[in-house]
Amino acid sequence: MAIIPFDDRDGEIWFDGKFIPWRDAKVHILTHALHYGSSVFEGERVYNHEIFKSAEHTDRLFRSATLLNIDVPFSKEEVEQAKTETARRAGYTDAYVRPVIWRGSGSMGVSAPASGVHVAIAVWEWPSYFSPELLERGIDIEMSRWRRPGPESAPCTAKAAGLYIICTLAKEEAELNNCQDALMLDKDGFIAEATGAHIFFVKDGEIHTPALGNFIEGITRATVIDIARARGFKVHERKIKPDELGSFEQCFLTGSAAEVTPVGTIGSHKYEVGAITRGMREDYLNLVRRHATMADFEARTSAAQ
Ligand SMILES: Cc1ncc(COP(=O)(O)O)c(C=O)c1O
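Computed from a prediction, not measured in an experiment: that's the story for all the values here. (Residues numbered from 1 in each chain as written. Predicted model: local features only at pLDDT ≥ 70, side-chain atom pairs only at ≥ 80, totals over all residues. Heavy atoms only, no water.)

Enquirer: Describe the side chain of Thr-223, with residues and values.
Expert: Examined against the element boundaries, Thr-223 turns out to sit in helix 6 (residues 219-230). In this structure Thr-223 comes out as buried when scored by relative accessible area, which is 1%. Those residues within four positions of Thr-223 in sequence are excluded, and the remaining contacts are Phe-52, Lys-53, Tyr-284 and Leu-287. (Helix = DSSP H or I, 4+ residues; strand = E, 2+ residues; numbered from the N terminus. Buried < 20%, exposed > 50% of the residue type's maximum accessible area, 1.4 Å probe, protein only. Contact = heavy atoms within 4.5 Å.)

Set out below in structure tokens:
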């Protein structure tokens, strides 16, 4: 199916406080963000006409802006309202929400205190990231040659455009090798994350995931940890060495776009799409679609005991 170019679609985009026709949402070529990567953004999903964890995404958007010294010219409440209204006008039952904040063209140069700051929100239809067949057998991941920068080299917990350069390189290299994603190590050589999602492993009925510190605080990551703990699973947030990859039985990715995606292979390591991975995916999709609440997971855990 041909993709409709993103600048040639019907609908409206919220742009600096106003709704404008989709095709008119343009920026000048001399925009600070385009030259120096000074932009932060979010990726959120609408399920049944409601944005999942919208307030958490807005909080993280503002935290990212603060990490880049960007003063947002709107309040969190205004951005929340604008997101809700943009999603309502778009009218999709399920969709993707992309708020973006960037330095404008008021001044150019590495330091640009007078660049001006802009905010826009777009909503589009976006089904599951991966095909049902891939989700059934698990995606293939390549070990990337790129490493995530640490907090001494970059504002690495910001969801900032500039930090995605290596994600794009890593993912495109993986796709050339018939993989769907790439796994990056952190600056110390521990497992960090995939190019747009966090990673979880299962071993002996327990769940392991890299500890926070070198990447964005995942909203799906936190949700999945809550579900897993409510279900009674032990979740270990810790440093994970690449030479442990062979000892895990199952593996999955988490992200607003990726939801819970089973992993079939990382390089030569093979993983089973097992009951825990399937259960986490099912619970997550039931929660976001409001077919279940956290209380249901706790109730079923205690009923089983
Ligand atoms: C680099 C990266 N890591 C992890 C994630 C997952 O974060 P979240 O679950 O908050 O969407 C994303 C997606 O936003 C991402 O781009």
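Enquirer: With reference to specific residues and values, describe the pattern of salt bridges.
Expert: Summed over the entire model, instances satisfying the criterion amount to 22 salt bridges. In this structure, Arg-229 engages Glu-237 in a salt bridge whose closest nitrogen and oxygen atoms are separated by 3.6 Å. With relative accessibility at 43%, the residue Arg-229 sits in the partly exposed group. By sharing partners, the salt bridges in this structure join Glu-12, Glu-85, Arg-88 and Arg-89 into a single network. (Salt bridge = Lys/Arg side-chain N within 4 Å of Asp/Glu carboxyl O.)

Enquirer: Kindly report on the packing of aromatic side chains, identifying the contributing residues and their values.
Expert: A full pass over the atoms with the stated rule returns 11 aromatic pairs. Each ring, one from Tyr-96 and one from Trp-124, has its centre 5.3 Å from the other, and the planes form 50°; the classification is tilted. Placement of the pair is Tyr-96 in strand 6 (residues 95-103) and Trp-124 in strand 7 (residues 117-124), with a sequence separation of 28 residues. Of the two residues, Tyr-96 and Trp-124, both sit in the buried class. Site record: aromatic cluster; members linked through ring pairs are Phe-6, Tyr-96, Trp-124, Trp-126, Tyr-129 and Phe-130. Of note, Arg-45 hangs over the ring of Trp-126, and the distance from its end group to the ring centre comes to 5.6 Å. (Phe/Tyr/Trp six-rings, centres within 6.5 Å; stacked < 30°, edge-to-face > 60°. Lys NZ or Arg CZ within 6 Å of the ring centre and 35° of its normal.)

Enquirer: Residues and numbers for helix 5 (residues 165-176), please.
Expert: The first and last C-alpha atoms of helix 5 sit 17 Å apart over 12 residues, in line with the 16 Å expected at 1.5 Å per residue. Residues of helix 5 that are buried include every one of Ile-166, Cys-167, Ala-170, Lys-171, Glu-173 and Ala-174, and no others. One side of helix 5 carries all its buried residues, which in axial view fall inside an arc of 160°. Structural note: helix 5 exposes Ile-165 and Leu-176 on the side pointing more than 90 degrees away from its buried face. (Expected span 1.5 Å × (residues − 1). Arc of directions from axis to C-beta.)

Enquirer: Provide a residue-level description of the environment of Arg-103, including the pertinent values.
Expert: Note on placement: Arg-103 falls in strand 6. Of the residues examined, Arg-103 reaches a relative accessible area of 15% and is grouped as buried. Between the alpha carbons of Arg-103 and Val-72 there is a distance of 9.8 Å; along the sequence they are 31 residues apart. Engagement of the side chain of Arg-103 in a polar contact is seen with the backbone oxygen of Leu-68, the distance being 3.4 Å. (Polar contact = N/O pair within 3.5 Å; in protein donor to acceptor, adjacent residues only side chain to side chain.)

Enquirer: Describe the site of the ligand, with residues and values.
Expert: The environment of the ligand is made up of 15 residues, and the closest members are Arg-60, Tyr-164, Glu-193, Thr-220 and Ser-256. Tyr-164 has a polar side-chain atom sitting 2.4 Å from an oxygen atom of the ligand. Separating a nitrogen atom of the ligand from a side-chain N or O atom of Glu-193 is a distance of 2.6 Å. Going through the elements one at a time, helix 6 and strand 14 (250-255) are the ones with two or more residues in the shell around the ligand. Per-class residue counts for the shell around the ligand are four nonpolar, eight polar and three charged. (Near = heavy atom within 4 Å. Nonpolar A, V, L, I, M, F, W, Y, C, P; charged D, E, K, R; others polar.)

Enquirer: So what's going on with the domain arrangement of the chain? Residues and values would help.
Expert: Domain annotation for the chain reports domain 1 (12-124) and domain 2 (132-304). Summarising the inter-unit geometry, the C-alpha centres of domain 1 and domain 2 are found 26 Å apart. With 22 residues of domain 1 at the contact, the number on the domain 2 side is 22 residues. Of the roughly 1,900 Å² buried at the junction of domain 1 and domain 2 (both faces included), carbon and sulfur atoms supply 55%. Between domain 1 and domain 2 we count three salt bridges in total. A salt bridge links Asp-94 to Arg-289, with the shortest nitrogen-to-oxygen separation between them at 3.2 Å. At the boundary of domain 1 and domain 2, one finds 13 residue pairs in polar contact (both at pLDDT 80 or more). (Domains from an automatic or database assignment. Buried area = accessible area lost by both parts, 1.4 Å probe.)

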